[in-house]
Amino acid sequence: MWRQGQNLLRRASPRLIVLPHSSNSSFGIRQIITGSSSSSSPSVSIWRRKKEMGKEGLMVAKELKRLQSNPIRFERFIKSHVSRLLKSDLVAVLAEFQRQDLVYLSMRLYEVVRKEIWYRPDMFFYRDMLFMLARNKSVDEAKKVWDDLKKEGVLFDQHTFGDLVRAFLDGGLPSEAMHIYDEMRRSPDPPMSLPYRVILKGLLIYPELREKVKDDFLELFPDIVVYDPPEDLFDEEEWRKESEDD
């Protein structure tokens, strides 16, 4: 019984990957918080639960949208009302702003959340922010969020890395997508084939970048075949688009 209790405690404890500090690293991260840690586990993460907004949250969301053109009143309202929101309402308001692609308001709520006493670094929190910023081609904001998550030692799993790279590719931001891909390649998590397939599909319109990722994929998974579309595929799609425009 005593040994069983010890095993249960080990399973319940947060998973931290400790990496050696390198002077060559641009970030100097020593601890990596993964999606399976206690703050990011799907079973407990507030960022993966259904987000229902209460009456006060609805009022705050409405007022923030109304006051954003008035910086002074906006800041006063942030201090007097937003900081007093319940955790569930604050999370729900941020999620709603992300859903509506309201970049400025999402970034302001993002900063508020990170100052809350209950805040813990969380993979899903950062993932949702980056998805929204990729959709809106918000490069400067995405760089800031990325810098923040690196400072906090958050590490995405391989599937999330793949989805993020694809999101930035779909948003027309190949440089930012490949930066995330490079981070994925340096990740301590073992590589998986499916995220690479997701990325390769998103790179169809970027043939040179696709060849680089394809070479990496074949090196990692030499027994897996990579599907290459016909060379005239894009010519046909372009012709079809022009015909529809006419």
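What counts, and where the lines are drawn
Residues numbered from 1 in each chain as written. Predicted model: local features only at pLDDT ≥ 70, side-chain atom pairs only at ≥ 80, totals over all residues. Heavy atoms only, no water. Helix = DSSP H or I, 4+ residues; strand = E, 2+ residues; numbered from the N terminus. Buried < 20%, exposed > 50% of the residue type's maximum accessible area, 1.4 Å probe, protein only. Contact = heavy atoms within 4.5 Å. Areas by Shrake-Rupley, 256 points an atom, 1.4 Å probe, with all protein chains shown as cover. Axes fitted to C-alpha atoms, helices over the stretch in contact; angles between N-to-C directions. Parallel < 35°, antiparallel > 145°, perpendicular 65-115°, else oblique. Left-handed = near helix turned anticlockwise from the far one by under 90°. Nonpolar A, V, L, I, M, F, W, Y, C, P; charged D, E, K, R; others polar. Core = buried A, V, L, I, M, F, W, Y, C linked by side-chain atoms within 4.5 Å. Domains from an automatic or database assignment. UniProt positions renumbered as here; feature names shortened; annotations may be inferred.

The name given to the chain in an unreviewed UniProt entry is Pentatricopeptide repeat-containing protein, and the organism recorded there is Nicotiana attenuata.

(A) Layout of the overall build of the chain. A count of helical and extended segments in the chain gives twelve helices and two strands. Scored against the burial criterion, the 246 residues of the chain give a buried share of 41%. Across the chain, contacts joining residues at least 24 apart in sequence account for 62% of those joining residues at least 6 apart. Entry remark: accessible area of the chain is about 14900 Å², with carbon and sulfur atoms responsible for 53%.

(B) Structural context of the packing of helix 9 (residues 174–186) against helix 10 (residues 193–202). Two numbers describe how helix 9 lies on helix 10: the axes approach to 13 Å, and their chain directions differ by 165 degrees. Considering the angle they form, helix 9 stands roughly antiparallel to helix 10. When the axes of helix 9 and helix 10 are compared, the crossing they make is left-handed. From helix 9, Tyr181, Met184 and Arg185 reach across to helix 10, where they touch Pro195, Tyr196 and Ile199. Tallied by class, residues from the contact of helix 9 with helix 10 come to five nonpolar, no polar and one charged.

(C) Spatial organisation of the nonpolar core. Judged by nonpolar contacts, the single largest core of 61 residues is most densely connected at Leu64, Val82, Tyr126, Leu130 and Phe156. For this core, the leading source of residues is helix 6 (residues 123–135), giving nine residues. Both domains that furnish three or more residues to this core are identified here as domain 1 (48–119) and domain 2 (120–228).

(D) View of the UniProt feature "repeat: PPR" (unreviewed entry) in the chain. According to UniProt, the feature "repeat: PPR" (unreviewed entry) maps to residues 122–156 and 157–191 in the numbering used here. Between the first and last C-alpha atoms of residues 157–191 the distance is 10 Å; the span itself is 74% helix and 0% strand.

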